[in-house]
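# Fold and geometry: a report
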Number of protein chains: 2
Amino acid sequence: MDEETLQTALDTAEALCAQRGVRFTAQRRRVLELVCRAERPVGAYEILPQLHTGATAAPPTVYRALDFLLEQGLVHKLETLHAFIGCTHPEHPHASQFLICADCGRVKELENEAIAGSLRSAAQETGFHPKRPVIEVLGTCAQCTHKAESV
Amino acid sequence: MDEETLQTALDTAEALCAQRGVRFTAQRRRVLELVCRAERPVGAYEILPQLHTGATAAPPTVYRALDFLLEQGLVHKLETLHAFIGCTHPEHPHASQFLICADCGRVKELENEAIAGSLRSAAQETGFHPKRPVIEVLGTCAQCTHKAESV
DNA sequence: CGCACAACTGTTATAATGTTTCGAAAATGC
DNA sequence: GCATTTTCGAAACATTATAACAGTTGTGCG
Ligand SMILES: [Zn+2]
Ligand SMILES: [Zn+2]
Ligand SMILES: [Zn+2]
Ligand SMILES: [Zn+2]
């Protein structure tokens, strides 16, 4: 995420939190910034040493901030990677899908209604009530596929 | 899984391994049995103490068996639960979806072509080549929904 | 303001999950 | 039998996540 996009994301986050009456503290802002700055999903323990200037912070510090950001839909957790990624459209709650490149590590967030819909109807057939869908596809992105073929 | 289904599952597993020229050792059989006997997904560390009669086995013992069973498609791993479940139709390789009840813990394995298809086409649009889709839906099963409503 | 309360943060310890490594044992193929 | 490959045992270690408790900061109200 480039510097401009980052600023927009942070401003959006701040506005959303104000609107919702929750506190977007300096620490939460900092964690969101670190997650967004990364090109790839980042683990909690990667963020940790970047929080304190001197000594490194303790795990609960970053997990608490991440929990908050997850609740507010500002970041997503990738269960298959045990890592976090900034949300590209946090304005509204959504069930998204992630395409994870095993080669370069980059992740694309989709918001595909066909997938969400087919999942909903399949669940409905069995009487199941979905709460939180986790859809993560590991594979190879277009760029990396192209590179591999041209070798 | 009842005793009869379990026996069928173990026999199927044995036949599949023979057919594929891989070894279905006593230990692997035992781990598969323990996974299948459970009503719910089981963690690796739950299986561990049931492996040795006297002292409890070391983690790599069960992880090696589980890795084998995963490779052969005899069990699945639920990423959101860090737990394993026996496959209900291991004869052919498949990309399945899991409905996980947060209430009773039971899991239903689906093999829904509409979901798989919509995911494939969404990926294709972005030039992404899927390798391993992970689709797990947390929610409430029909039974538990019914119970909750009748209270 | 000054106090009461709630929310947030720091710190230590611990739990849960998963891997590396090295060596012994067992099965396989000749 | 004997070399080769595969599997298994065991110890140590790595990574991810949570529990518990004390301190600090911010907020609202009189
Ligand atoms: Zn999102
Ligand atoms: Zn890539
Ligand atoms: Zn299956
Ligand atoms: Zn249920």
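Everything numeric in this text was worked out from a predicted model, so none of it was measured.

### A few points about unusual backbone geometry
The backbone phi angle of H82(A) is positive, close to 50 degrees, even though this residue is not glycine. With respect to the helices and strands, the residue H82(A) is situated in the loop between β1 (75-78) and β2 (83-86).

### Brief notes about the protein's contact with DNA strand D
Residues in contact with DNA strand D amount to 16 residues; listed here are only the nearest, Y45(A), Y63(A), K77(A), T25(B) and R64(B). For DNA strand D, the fraction of atoms within 4 Å of the protein that belong to sugar or phosphate moieties is 54%. The separation between a phosphate oxygen of DNA strand D and a polar side-chain atom of Q27(B) is 3.1 Å. Listing elements by their share of the surface near DNA strand D, those giving two or more residues are α4 (59-71) of chain A together with α2 (26-37) and α4 (59-71) of chain B.

### Brief notes about the domain arrangement of chain A
Interface size is commonly expressed as the accessible area that is lost once the parts come together. Residues and elements named next belong to chain A. The domain boundaries assigned to chain A delineate domain 1 (3-86) and domain 2 (97-149). Of note, the centres of domain 1 and domain 2, computed from C-alpha atoms alone, are 23 Å apart. In this assembly, eleven residues from domain 1 lie in contact with eleven residues from domain 2. Taking both sides of the interface into account, the surface hidden between domain 1 and domain 2 amounts to around 900 Å²; carbon and sulfur atoms contribute 54%. R106 serves as the salt-bridge partner of E39, at 2.9 Å between the closest nitrogen and oxygen. Along the contact surface separating domain 1 from domain 2 lie six residue pairs in polar contact (both at pLDDT 80 or more). When residues of the side of domain 1 that touches domain 2 are traced back to their parent elements, those giving at least two are β1 and β2. Taken together, the residues of the side of domain 1 that touches domain 2 break down into four nonpolar, three polar and four charged.

### Some remarks on the coordination of the zinc ion (ligand 4)
Residue and element names in this part refer to chain B. Around the zinc ion (ligand 4), the protein supplies C101 (SG), C104 (SG), C141 (SG) and C144 (SG) as donor atoms, at distances of 2.2 to 2.3 Å. If you list the donors of the zinc ion (ligand 4) from N- to C-terminus, the spacing comes out as C-x2-C-x36-C-x2-C. With C104 in the loop between β3 (97-101) and β4 (107-110) and C141 in the loop between β5 (129-140) and α6 (142-149), the pair connects residues that are 37 residues apart, well separated along the chain. C141 sits in the buried class, given a relative accessible area of 17%.

### Some details on the protein's contact with DNA strand C
By nearness alone, 16 residues border DNA strand C, and T25(A), R64(A), Y45(B), Y63(B) and K77(B) come closest of all. Sugar and phosphate atoms represent 54% of those atoms of DNA strand C found within 4 Å of the protein. A distance of 3.2 Å separates a phosphate oxygen of DNA strand C from a polar side-chain atom of R28(A). In the model, a base nitrogen of DNA strand C is placed 2.5 Å from a nitrogen or oxygen of the R64(A) side chain. Elements that contribute at least two residues to the surface near DNA strand C include exactly α2 (26-37) and α4 of chain A together with α4 of chain B. Among the residues making up the surface near DNA strand C, the classes are represented as six nonpolar, five polar and five charged.

What counts and what doesn't
Residues numbered from 1 in each chain as written. Chains lettered and ligands numbered in written order. Predicted model: local features only at pLDDT ≥ 70, side-chain atom pairs only at ≥ 80, totals over all residues. Heavy atoms only, no water. Helix = DSSP H or I, 4+ residues; strand = E, 2+ residues; numbered from the N terminus. Near = heavy atom within 4 Å. Polar contact = N/O pair within 3.5 Å; in protein donor to acceptor, adjacent residues only side chain to side chain. Domains from an automatic or database assignment. Contact = heavy atoms within 4.5 Å. Buried area = accessible area lost by both parts, 1.4 Å probe. Salt bridge = Lys/Arg side-chain N within 4 Å of Asp/Glu carboxyl O. Nonpolar A, V, L, I, M, F, W, Y, C, P; charged D, E, K, R; others polar. Donors = N, O, S within 2.8 Å, 3.2 Å for Na, K, Ca; no water. Buried < 20%, exposed > 50% of the residue type's maximum accessible area, 1.4 Å probe, protein only.

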